[in-house]
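Coordinate analysis (summary)
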Amino acid sequence: MRPLVALALAIVSEVAGTAALKASDGFTDPVASAVVAVGYGGAFYLLSLALEDLPVGFVYATWSGVGICGAVLVGVVVFDEGVDLAALVGLALIVAGVAVLSGYSTAYSPAH
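Residues numbered from 1 in each chain as written. Predicted model: local features only at pLDDT ≥ 70, side-chain atom pairs only at ≥ 80, totals over all residues. Heavy atoms only, no water.

**A short note on unusual backbone geometry**
The phi dihedral of Asp-25 falls on the positive side, at around 55 degrees, and the residue is not glycine. Position of Asp-25 relative to the elements: it lies in the loop between helix 1 (3–23) and helix 2 (30–50). The phi torsion at Asp-80 lies on the positive side, around 55 degrees, for a residue other than glycine. With respect to the helices and strands, the residue Asp-80 is situated in the loop between helix 3 (56–77) and helix 4 (85–104). Residue Asp-80 is classed as exposed on the basis of its relative accessible area, which comes to 71%. (Helix = DSSP H or I, 4+ residues; strand = E, 2+ residues; numbered from the N terminus. Buried < 20%, exposed > 50% of the residue type's maximum accessible area, 1.4 Å probe, protein only.)

**Re helix 2**
In a regular helix each residue adds 1.5 Å, so 21 residues correspond to 30 Å; helix 2 covers 30 Å between its end C-alpha atoms and thus fits that length. Taken together, the buried positions of helix 2 are Ala-32, Ser-33, Val-36, Gly-39, Ala-43, Leu-46, Leu-47, Leu-49 and Ala-50. The N-cap of helix 2, judged by a side-chain oxygen 3.0 Å from the amide nitrogen of Val-31 a few residues on, is Asp-29. (Expected span 1.5 Å × (residues − 1). Polar contact = N/O pair within 3.5 Å; in protein donor to acceptor, adjacent residues only side chain to side chain.)

**Some remarks on helix 1**
Its 21 residues place the ends of helix 1 30 Å apart at the C-alpha level, agreeing with the 30 Å of an ideal helix rising 1.5 Å per residue. On its buried face, helix 1 sits against helix 2 and helix 3. Two residues or fewer after helix 1 comes Asp-25, characterised by a positive phi angle close to 55 degrees. (Contact = heavy atoms within 4.5 Å.)

**Brief notes about the packing of aromatic side chains**
Using the criterion set out here, one finds 2 aromatic pairs in the structure. Consider the rings of Tyr-60 and Trp-63, whose centres lie 5.6 Å apart with planes at 55 degrees: the pair is tilted. In this pair, Tyr-60 and Trp-63 both sit in helix 3, 3 residues apart, roughly one turn of the helix. Trp-63 sits in the buried class, given a relative accessible area of 10%. Taken together, the ring pairs in this structure connect Phe-44, Tyr-60 and Trp-63 into an aromatic cluster. Note that Lys-22 overlies the ring of Phe-79, its terminal NZ or CZ placed 5.9 Å from the centroid. (Phe/Tyr/Trp six-rings, centres within 6.5 Å; stacked < 30°, edge-to-face > 60°. Lys NZ or Arg CZ within 6 Å of the ring centre and 35° of its normal.)

**A word on the pattern of salt bridges**
For the structure shown, the criterion picks out 1 salt bridge. A salt bridge links Lys-22 to Glu-81; its shortest N-O distance comes to 3.6 Å. Here the residue Lys-22 occupies a position in helix 1, and Glu-81 occupies one in the loop between helix 3 and helix 4, the gap between them amounting to 59 residues. Of the residues examined, Glu-81 reaches a relative accessible area of 36% and is grouped as partly exposed. (Salt bridge = Lys/Arg side-chain N within 4 Å of Asp/Glu carboxyl O.)

These figures come from the coordinates and say nothing about function on their own.
Structure follows, in C-alpha cells:
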C-alpha cells in the first residue's frame, strides 16, 4: 500500500473511532464500542504501514493535525457541537503548523 494512502486511511479510521467513542456513551453501547476498537486498531495498523516509508515527524504531525480537524468537523456535523472564533483560529494554527512542518522543514530524513 502506498504510504500516503495508508496515512489518509489511518486518519479516517481514527476520526471514525473518535466519533464512535463519543457515541458509545461510556462504552455502554456495544456496537459503537466495537467501532471504537476497530477504528483505533485500524488507525494504528495503517499508521505503522505509513511509517515504513515516511518520516515519523511528518506522519504524526499530519495524522494528529488532520485528525483534530476531522474530529471537530464530525463534532459539528454529527453531534451538533459549536465552533467559535477561538476554535477556528486554533484550527487554522494547527493546519498552518502541519503545512510548515511538512512543506518547508528540512529536518526530516527518510525512514530507511
